[in-house]
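For reference, the chains in residue letters:
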4 protein chains.
Amino acid sequence: MKTIVAHAAKDLRIEAREMPEPGPDQVLIRMAAGGICGSDLHYYNHGGFGPIQLKEPMILGHEVSGHVAAIGENVTGLKEGQLVAISPSRPCGTCEYCLEGKQNHCLNMRFYGSAMPFPHIQGAFCEYLVADAAQCAIADGLSAGEAAMAEPLSVVLHAARQAGDLMGKRVLVTGCGPIGLLAVLVARYAGAAQVVATDIMAFTLGMARKIGADLTLNVADAPDGLDEFAADKGHFDVLFECSGVAAALSSAVPVLRPGATIVQLGLGGDMTLPMQAMTAKEITLQGSFRFHSEFFTAVEMMRTGRLSVDPLITHTIPMANAVSAFDLASDRNQAIKVQLAF
Amino acid sequence: MKTIVAHAAKDLRIEAREMPEPGPDQVLIRMAAGGICGSDLHYYNHGGFGPIQLKEPMILGHEVSGHVAAIGENVTGLKEGQLVAISPSRPCGTCEYCLEGKQNHCLNMRFYGSAMPFPHIQGAFCEYLVADAAQCAIADGLSAGEAAMAEPLSVVLHAARQAGDLMGKRVLVTGCGPIGLLAVLVARYAGAAQVVATDIMAFTLGMARKIGADLTLNVADAPDGLDEFAADKGHFDVLFECSGVAAALSSAVPVLRPGATIVQLGLGGDMTLPMQAMTAKEITLQGSFRFHSEFFTAVEMMRTGRLSVDPLITHTIPMANAVSAFDLASDRNQAIKVQLAF
Amino acid sequence: MKTIVAHAAKDLRIEAREMPEPGPDQVLIRMAAGGICGSDLHYYNHGGFGPIQLKEPMILGHEVSGHVAAIGENVTGLKEGQLVAISPSRPCGTCEYCLEGKQNHCLNMRFYGSAMPFPHIQGAFCEYLVADAAQCAIADGLSAGEAAMAEPLSVVLHAARQAGDLMGKRVLVTGCGPIGLLAVLVARYAGAAQVVATDIMAFTLGMARKIGADLTLNVADAPDGLDEFAADKGHFDVLFECSGVAAALSSAVPVLRPGATIVQLGLGGDMTLPMQAMTAKEITLQGSFRFHSEFFTAVEMMRTGRLSVDPLITHTIPMANAVSAFDLASDRNQAIKVQLAF
Amino acid sequence: MKTIVAHAAKDLRIEAREMPEPGPDQVLIRMAAGGICGSDLHYYNHGGFGPIQLKEPMILGHEVSGHVAAIGENVTGLKEGQLVAISPSRPCGTCEYCLEGKQNHCLNMRFYGSAMPFPHIQGAFCEYLVADAAQCAIADGLSAGEAAMAEPLSVVLHAARQAGDLMGKRVLVTGCGPIGLLAVLVARYAGAAQVVATDIMAFTLGMARKIGADLTLNVADAPDGLDEFAADKGHFDVLFECSGVAAALSSAVPVLRPGATIVQLGLGGDMTLPMQAMTAKEITLQGSFRFHSEFFTAVEMMRTGRLSVDPLITHTIPMANAVSAFDLASDRNQAIKVQLAF
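In this text the structure is predicted, and so the values were computed from the model without any measurement.

Definitions and limits used
- Residues numbered from 1 in each chain as written.
- Chains lettered and ligands numbered in written order.
- Predicted model: local features only at pLDDT ≥ 70, side-chain atom pairs only at ≥ 80, totals over all residues.
- Heavy atoms only, no water.
- pLDDT = per-residue confidence, 0-100.
- Axes fitted to C-alpha atoms, helices over the stretch in contact; angles between N-to-C directions.
- Helix = DSSP H or I, 4+ residues; strand = E, 2+ residues; numbered from the N terminus.
- Parallel < 35°, antiparallel > 145°, perpendicular 65-115°, else oblique.
- Contact = heavy atoms within 4.5 Å.
- Pairing = 2+ DSSP bridges.
- Buried area = accessible area lost by both parts, 1.4 Å probe.
- Salt bridge = Lys/Arg side-chain N within 4 Å of Asp/Glu carboxyl O.
- Polar contact = N/O pair within 3.5 Å; in protein donor to acceptor, adjacent residues only side chain to side chain.
- Nonpolar A, V, L, I, M, F, W, Y, C, P; charged D, E, K, R; others polar.
- Least-squares fit on C-alpha atoms with pLDDT ≥ 70 in both.
- Buried < 20%, exposed > 50% of the residue type's maximum accessible area, 1.4 Å probe, protein only.
- Right-handed = clockwise from strand over helix to strand, strands pointing away.
- Domains from an automatic or database assignment.
- Phe/Tyr/Trp six-rings, centres within 6.5 Å; stacked < 30°, edge-to-face > 60°.
- Lys NZ or Arg CZ within 6 Å of the ring centre and 35° of its normal.

A. Here's a closer look at the confidence of the model for chain A. Of all residues in chain A, 100% have pLDDT values of 70 or greater, and the mean over the chain is 96. In the predicted assembly, ipTM is 0.95 and pTM is 0.96.

Below is the structure:
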């Protein structure tokens, strides 16, 4: 079967691998759709990011869906042909963090397509994949592309839970890549009274408006655009910081109300923050990283038909054209979410 | 000016009172709409409820809106003619509970239309009312009737906050009176994955479906209707118990997931509960009573246009016909929310 | 090896079982101490409780400690001879509740000494036990008896976490059996401003005072003893209800402050509660059931030397005299915690 | 009567002011003790800090206690001669933040001895003070010096509540000035399993050990002293950052467990933080600022006799020697808390 393997920066190959077989409690899946994520792009464009670097060939991909092709022993509740979204989160279940229900911090996590441990954890951009039945969420009624959006949606659901109840809250989203746009969608879905989004690109801001942002600000054009919200100690209750850019976070502090929560999703480097104002306003800065059980909630929410991620899937490209798909996904002026079709 | 005064059970009179004048930090309001609440109906039909009984004539009403008619000294931010929703919550601001931000438990609360202290706290079913400017939420863009729904909506927002984040949760609502129906509306608005409502009346259940319930169950017809949700220790994450009927609560326990939250809004009497199951499933039973700062959030949410309470206002009746309005409001087969027009 | 097996009410036998051998990730433990719990007493005295009844012989016991006797493959961090406290909590790790970090609600839980599934889950009152290394908490510096107290202490730590921060809070404990007394101890340890305990026995109340209760009330002698705390809507912030008696809970409602939390640990039957007062005061009634990762925290806390459970271990009796140990443990006038020595 | 007035940097004068008289709901207090706080020292040594600068003479002081000397109309519950701790927190009670129970963020706060608004809010280092009865906590059984410690203790209680339950948690405190030392005391009191404190001064670290720190590290001598706690993604559950120094915060990140909480009390300037690690570990950075209702809890906790702040009061100096008291308080090598006696 064919797979998409990153060897080094700008060295992406379609390679054959052995066909896997499902063991007990497992299923074989004929893969359907796979979204290209920012981390996939880092491996493709730069060979990694920060301390995380490719040291051996690695199959990319962790936003995936497919159809059940064969069912292993003991598996109940799944049937052949069924569309499933596949969670890439595979914690050990026995370390101290797993015991505490913080599986996303598992000491022995095997998240698809991660170069962090060595040997690397191979990803899911394959024609066939064997997964534990427990990783599979039934996606009846969704398209394969929507099912493959369960993963980034889970990231945002997990983040939204860090912020608590969003109903009636005023929400600011900085950075309108796929994660930021999902944050707009989720904030709207969760009953935010107002959703304001910022970015430096007209294209992504247009998408933000299309999916429900009340107001968008191009902070490249108008760096002081948020100033109107600074009166009476601030306006927003929640900031989803999805850009990873220090200026986005620090320039938002004056427009956050005392007691506001910043959920930091963007993974940038060191950031210089206005700590005196953050302390005096008792702002909570809360990191959010991946997800775990939210994956199943994400699929359930999409299946209700009330949360549509469709507009964010701007391109679907056959596996054979993977390199051009990765190039396209790297262009924030044209693409939001690019998915591969296997 | 005219007011609506309860003297005793079934003794409701339209009486004249002195025209009030606004002092500093106050406004005079020409009243527009007033919703009849369950407690108003208790005074009208029974002279009170439980230990709370009419001991002197009392103006009823606490779900009200009107137009600013005159502005007292020091008031800023309000102008003549403007529609405002008026919060009936008037805590003292200095007792131990006010200091802790639990103003709804104020030791010296003066909530409109309450027979609890003596002399009673007079209500707001009047042609004119003087209120503190701080009680007034600007309702631009709403109808007078919608503005008067801010109060019951606040009750439900407060309750929803007890339950925390509803996004992606499965919500059960027992009892589809005005409060239960607002709970359906709010759960839907806050991104619940599923909303199921129960009652014993076809009329109210029809309204529940109309405003967004996924499924309704008439528990008079099908007392075991919830049983399908009992597998795997239960199905629902949150129960808004709005009936005040013990059977509604206790019959829901088997279909609540471990760790679920029951928000108790219905005010019934003593209830016999299956405590062993509630303990073993670690269910949280959380009382919810009135509201405070949620009033302003309620108005803000309605003004976004995304939460419409309009379908619940089934009747609007002139003040002169108050008695027939109260009779109509007492009939759960015809009316959801009956409002008076002043 | 010898084990303590319940066959039916009042039919407790010392029986031989095959010596177990540790597999990979497991250890063999030579058992040292085993505390007799209320559920053990139910099996011994009545053959079960409510729907949970003995249907086949079952080894009792789940509050246990011992010394590592042999170490299976892959186990690191434990060495022969070391004293360990052994967690009886064995969730499956893959069901929906395990995924959510609610392992105490695992659909496939195998908690030692439970007659709930059939075949029953055999307990740990044995001379030797094989356990997963992940169940073992190193107990260096503790006595075997103290280590065996980790289990009931975990129950109370889990319950205390339901109540949130106890520092500066006023705490009421109803029911001074082993769990209630541990609640007194933990509330004191966690910085409660005041701890008041009630029971109907002079003996247990004397112990409550000895371990730190500020005030105790014998509610058999003085049913109205709490009345002095009812002014200004109540006095206590937290109630640990450890008696399982409805009257204990309902009579406490008037002395709880608005917004107070009741943590229900006692497992009684149906209870009739004053729901109107509970709702109007926005009281939280929170069930608490078993524990999971708290087990390791419990051992860590005892090992600091700042929390001493020693006074509660009133009797230690050789395994050979198990029947008299169970009789003694059934007498609330003489015994708090009776432990077996293996 | 005499007062202590700051005119500019290093210009502190003892000046006479008119004797005040209590109005309704107020009391006149003959002041007893007043602690010198870091902000008082900033005014004394530098004329202010950051944007907050003296623009007119201002009486300093906000950590105060005294004896009731006269009682205004309507006051109940206080009697002449009684020792009271006086809360310096005077919010308006009607702004949006007060309505939400966030009085410490009041838009119209009049906190004693603050140069932030102009005219400045005069402080409480006076021979006599008129205060609202609602600001006064009865301090029977405490010394005047202890009562004056209620204010900084409240700051730390408020901070501790941000961190949630500390029982069984591993706590790191960076910076052992009066606030850091109170954090050590409170963490110990609240049942922390371990308390580790860092500073750059042997004197303050000695005090930390004296009042209960399990381990202290002089990070001037051993910058890598915390490294031993970095295994398995970290060791500490909570960090109270009391130094206001960026390096203290950033060097602690590797030794914090995933999901840990940093409570930021120290008011430094901008800080550069390792945001990638903070996000990936889902660390919560929570600012904490002042307090409100915690003041009364602080006094109640000291009155139980279980929390002793006495060791931190290193010096008590007559009002007449105010200048030398301020100089002494500025020397971290000799003094922890210096109090004035009026």
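B. Highlighting the packing of helix H1 (residues 38-46) of chain C against helix H10 (residues 322-329) of chain C. All names here are of chain C. Two elements in contact, H1 and H10, have axes separated by 10 Å at closest approach and are oriented at 110 degrees. Considering the angle they form, H1 stands roughly perpendicular to H10. Within the contact between the two elements, H1 uses Asp40, Leu41 and Tyr44 and H10 uses Val323, Phe326, Asp327 and Ala329.

C. Quick look at the sheet that holds strand E6 (residues 58-59) of chain C. Residues and elements named next belong to chain C. One open sheet holds the three strands; their spatial order is E2-E1-E6, and the pairing between them is antiparallel. Bordering the open sheet on either side are strand E2 (11-16) and E6, each of which pairs with just one other strand. In this sheet, E2 lies alongside strand E1 (residues 2-8) in antiparallel orientation, the contact comprising six bridges. Residue pairing in the sheet places Val5 in a bridge with Arg13 of E2.

D. Local environment of the interface of chain B and chain A. Every contact between the two is made by 23 residues of chain B and, on the other side, 23 residues of chain A. Interface area lost by chain B to chain A is led by Met167, Glu300 and Arg306 of chain B, which between them contribute 32%. Inspection of the region where chain B meets chain A yields four salt bridges. Residues Arg306 of chain B and Asp214 of chain A are paired through a salt bridge, measuring 2.8 Å at the closest nitrogen-oxygen approach. The interface formed by chain B and chain A holds six residue pairs in polar contact (both at pLDDT 80 or more) in total. Every element with two or more residues in the side of chain B that touches chain A is listed here: helix H4 (150-163), helix H5 (178-189) and helix H9 (294-303) of chain B. Here the residues of the side of chain B that touches chain A are counted per class, giving nine nonpolar, six polar and eight charged.

E. Summary view of the relation of the copies chain B and chain A. For the pair chain B and chain A, the relating rotation is 180 degrees, the translation along its axis is 0.0 Å, and the fit reaches an RMSD of 0.0 Å. Given the turn and translation reported, the copies of this chain are related as if by a two-fold rotation axis. Taken together, the interface assignments show that 100% of the residues at the interface of chain B recur at the interface of chain A, consistent with an identical surface on both copies.

F. How the structure looks around unusual backbone geometry. Note that the residue after Phe118 of chain A, namely Pro119 of chain A, is joined by a cis bond; omega there is 0 degrees. Here Asn74 of chain C, not a glycine, exhibits a phi torsion of approximately 75 degrees, which is positive. Mapped onto the elements, Asn74 of chain C comes out in the loop between strand E7 (63-71) and strand E8 (83-86). According to the relative accessible area criterion, Asn74 of chain C is exposed, its value standing at 57%.

G. Fine view of the pairing of strand E11 (residues 170-174) of chain A. Residues and elements named next belong to chain A. Summarising burial for E11: five of the five residues are buried, a large majority. Of the two faces of E11, the one lined by Arg170, Leu172 and Thr174 and the one lined by Val171 and Val173 are each fully buried. Here five bridges tie E11 to strand E12 (residues 194-199), and the two strands are oriented parallel to one another. Within E12, the position partnered with Arg170 by the bridge is Gln194. Taken together, E11, helix H5 (residues 178-189) and E12 form a β-α-β motif whose crossover is right-handed. For E11 and strand E14 (residues 236-241), the ladder comprises four bridges, and the chain directions are parallel. Residue Val173 lies in a different strand from E14, and its bridge partner there is Phe240.

H. Examining the domain arrangement of chain A more closely. Residues and elements named next belong to chain A. Domain boundaries assigned for chain A yield domain 1 (2-149 + 309-341) and domain 2 (156-287). Of the roughly 1,100 Å² buried at the junction of domain 1 and domain 2 (both faces included), carbon and sulfur atoms supply 73%. Among the residues domain 1 hides against domain 2, the three largest losses belong to Leu312, Arg332 and Ile336. Together they make up 57% of the total. In this assembly, domain 1 and domain 2 are joined by one salt bridge. Counting every contact that joins domain 1 to domain 2 gives two residue pairs in polar contact (both at pLDDT 80 or more). Among the residues forming the side of domain 1 that touches domain 2, the class breakdown is six nonpolar, four polar and two charged.

I. Spatial organisation of the pattern of salt bridges. Under the counting rule described, the total for this entry stands at 48 salt bridges over all chains. A salt bridge links Glu15 of chain A to Arg13 of chain A, with the nearest nitrogen and oxygen atoms 4.0 Å apart. Judged by its relative accessible area of 19%, Glu15 of chain A is buried. Residue classification places Arg13 of chain A among the partly exposed positions, given a relative accessible area of 36%. For Lys102 of chain D, the salt bridge goes to Glu100 of chain D, with nearest N and O atoms at 3.3 Å.

J. How the structure looks around the relation of the copies chain A and chain D. Of the transformation superimposing chain A on chain D, the axial component is 0.0 Å and the angular component is 180 degrees, with the fit at an RMSD of 0.0 Å. Taken as a fraction of all interface residues of chain A, those also at the interface in chain D reach 100%, which identifies the copy contact as same-surface.

K. Examining the packing of aromatic side chains more closely. As enumerated under the stated definition, the model contains 32 aromatic pairs over all chains in all. Measuring from ring centre to ring centre gives 6.2 Å for Phe291 of chain D and Phe295 of chain D, while their planes differ by 25 degrees; the resulting arrangement is stacked. One exposure class covers both Phe291 of chain D and Phe295 of chain D, and it is buried. Taken together, the ring pairs in this structure connect Tyr44, Phe125, Phe326 and Phe342 of chain A into an aromatic cluster. Geometry around Phe111 of chain B places Arg290 of chain B over its ring, the cationic atom sitting 3.9 Å from the centre.

L. Layout of the interface of chain A and chain D. Taken together, the contact between chain A and chain D spans 43 residues of the former and 43 residues of the latter. Summed over both sides, the interface between chain A and chain D buries roughly 3,500 Å², with carbon and sulfur atoms accounting for 49% of that surface. Broken down residue by residue, the surface that chain A buries against chain D is led by Met275, Gln276 and Glu282 of chain A, which jointly contribute 18%. Taken together, chain A and chain D are joined by four salt bridges. Summed over the shared surface of chain A and chain D, the number is 28 residue pairs in polar contact (both at pLDDT 80 or more). For the side of chain A that touches chain D, a count of residues per class yields 17 nonpolar, 17 polar and nine charged. Where strand E16 (residues 271-273) of chain A lies against strand E16 (residues 271-273) of chain D, three bridges are found, and the strand directions are antiparallel. Residue pairing across strands places Leu273 of chain A opposite Met271 of chain D, the latter belonging to E16 of chain D.

M. Inspection of the pairing of strand E17 (residues 284-287) of chain C at higher detail. Burial along E17 of chain C is two-sided: Thr284 and Gln286 of chain C facing one way and Leu285 and Gly287 of chain C facing the other are all buried. Summarising the sheet, strand E17 (residues 284-287) of chain B and E17 of chain C pair through three bridges and their orientation is antiparallel. From the neighbouring strand, Leu285 of chain B faces E17 of chain C, where its bridge partner is Leu285 of chain C. As paired elements, strand E15 (residues 256-264) of chain C and E17 of chain C share four bridges and run parallel to each other. The residue bridging Thr261 of chain C from the neighbouring strand is Thr284 of chain C, located in E17 of chain C.

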